[in-house]
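Spelled out from the first residue to the last, the chains are:
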Amino acid sequence: MDDPLPKQRSQALWDNASGETMRLIDEGIRDIRQSLMIMAQEVAGSVRNALTALHRRDADLAMTVLDREQAIDAREVEIDEKCLDLLARYQPEASDLRFITMAMQINNDLERIGDHAVNLSHRTLDLIRIGLPPETLEVIAMGQACVEVLEDATLCFLNQDFALVQKVLTSDDEMDRRRDKIFRTILEGMMSQPESVEARLHLLLISRDIERIADLSTNIAEDVHYILTGQTVKHHLKPRAEE
């Protein structure tokens, strides 16, 4: 009769190794989550500062956003490396795998939001030099609404909050309405005051950057939806019905 003890010892070793692997995966995910939250706070701060610089015509504040760009880019690389290391070392599965792959997408979206904050600051410096068109306050109001969407997207990731995910996703149509209204108003101003075309063009591009920040914030909420449910809502696709 075979001795059962070696098999029992092998199973115990396997169970211990599996438990240690799960612990390391959990630690890695906590680290990635924390790093992403720091990244999100930095990016949201850059967007807020860019909008405040426009409102106050504050060139120094706009420059602080430009100065932060490299640090945000470096953090994106660091988070990507953490995700790839966790995937390569431990081959996580199921919800852990969903979290890590979506974390990489969220990381990329946050970096792109940071790029748009830099664009806002460059345009702000141009407008401080040229002069701010009368539609500026309307664009700033759109920007403030956009920051709220970004902050909600960040919170739904932090808290894994499905209700907040839904709130962010439904905000998309409102942001589109704001964009369309501002676009029409600025174009009308260009036609009635041709001498203001350069300034209004900068403002139009600022509104476009704000719209893209809102879109990327919606992307983050879509990624959180996938983390929580395993179902995609990207491009407004409905989950397939079960057969």
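The rules behind these values
- Residues numbered from 1 in each chain as written.
- Predicted model: local features only at pLDDT ≥ 70, side-chain atom pairs only at ≥ 80, totals over all residues.
- Heavy atoms only, no water.
- 1 Å grid on protein atoms, 1.4 Å probe; cavity = no way out; pocket = protein on both sides within 12 Å on 5 of 7 lines; lining within 4 Å.
- Points joined across faces, edges and corners; volume = space filled by probe spheres on them.
- Helix = DSSP H or I, 4+ residues; strand = E, 2+ residues; numbered from the N terminus.
- Nonpolar A, V, L, I, M, F, W, Y, C, P; charged D, E, K, R; others polar.
- Core = buried A, V, L, I, M, F, W, Y, C linked by side-chain atoms within 4.5 Å.
- Buried < 20%, exposed > 50% of the residue type's maximum accessible area, 1.4 Å probe, protein only.
- Contact = heavy atoms within 4.5 Å.
- Axes fitted to C-alpha atoms, helices over the stretch in contact; angles between N-to-C directions.
- Parallel < 35°, antiparallel > 145°, perpendicular 65-115°, else oblique.
- Left-handed = near helix turned anticlockwise from the far one by under 90°.
- Expected span 1.5 Å × (residues − 1).
- Salt bridge = Lys/Arg side-chain N within 4 Å of Asp/Glu carboxyl O.

Enquirer: Even after reading the chapter, I still don't get empty space enclosed by the protein, so can you show me in this structure?
Expert: A complete count under the given rule lists one cavity of 30 Å³ or more for this structure. Every residue lining the largest cavity is listed: Leu36, Ala40, Ile106, Leu110, Ala153, Thr154, Phe157 and Ile220. Taken together, the elements giving at least two residues each to the lining of the largest cavity come down to α1 (4-56), α4 (94-130) and α5 (136-159). Class assignment of the residues belonging to the lining of the largest cavity gives a composition of seven nonpolar, one polar and no charged.

Enquirer: Just checking my understanding: could you explain the nonpolar core for this structure?
Expert: Looking at soluble globular proteins, one finds that nonpolar side chains tend to be buried together. Within the largest apolar cluster, 58 residues are counted, with the highest numbers of intra-cluster contacts made by Leu36, Val47, Phe99, Leu110, Ile113, Phe157 and Ile210. Residue assignment for this core shows that the elements contributing at least two residues are α1, α3 (69-90), α4, α5, α6 (162-192) and α7 (197-229). The greatest single-element share of this core, amounting to 13 residues, is contributed by α1. Here Phe99 is in contact with Ile29, Ile32, Arg33, Phe157 and Ile227, once residues within four sequence places are set aside.

Enquirer: Looking at this structure, I do not really get unusual backbone geometry. What am I missing?
Expert: In most cases, non-glycine residues show a negative phi, while peptide bonds are predominantly trans. Positive phi, close to 45°, is recorded for Gln91, a residue that is not glycine. In this structure, Gln91 sits in the loop between α3 and α4. Given a relative accessible area of 53%, Gln91 falls into the exposed group.

Enquirer: Looking at this structure, how should I read the packing of α5 against α6?
Expert: Relative orientation of the contacting elements α5 and α6 amounts to 165°, with a least axis distance of 10 Å. The angle between α5 and α6 falls in the class roughly antiparallel. Considering only the axes of α5 and α6, their crossing is left-handed. Within the contact between the two elements, α5 uses Glu138, Val139, Ala141, Met142, Ala145, Cys146, Val149, Asp152, Ala153, Leu155 and Cys156 and α6 uses Leu164, Val165, Lys167, Val168, Ser171, Met175, Arg178, Arg179, Lys181, Ile182, Thr185 and Ile186. Taken together, the residues that form the contact of α5 with α6 break down as 15 nonpolar, two polar and six charged.

Enquirer: Please clarify how the packing of α6 against α7 should be interpreted in this entry.
Expert: Packed helix pairs are specified by the crossing angle of their axes together with the interaxial distance, meaning the distance between the axes. Across the interface, α6 lies against α7 with an axial gap of 9 Å and an inter-helix angle of 165°. As the angle between them shows, α6 and α7 are arranged roughly antiparallel. For α6 against α7, the interelement crossing comes out left-handed.

Enquirer: Got a minute to help me understand α5 in this structure?
Expert: Each α-helix turn comprises 3.6 residues. Residues three or four places apart therefore point the same way. The end-to-end C-alpha distance of α5 is 35 Å, a good match for the 34 Å that 24 residues give at a rise of 1.5 Å each. Of the residues flanking the end of α5, it is Gln160, one or two places downstream, whose phi is positive at about 50°.

Enquirer: Is there a simple way to explain the pattern of salt bridges in this structure?
Expert: When the charged atoms of two side chains lie near each other, side chains of opposite charge can form a pair. Under the criterion given, the structure shown has 20 salt bridges. In this structure, Arg23 engages Glu20 in a salt bridge whose closest nitrogen and oxygen atoms are separated by 2.5 Å. Highlighted residues: Arg23 and Glu20, both in helix α1, separated by three residues, approximately one helical turn. On the accessibility criterion, Glu20 (36% relative accessible area) is partly exposed. A salt bridge links Glu42 to Arg75, with the nearest nitrogen and oxygen atoms 3.0 Å apart.

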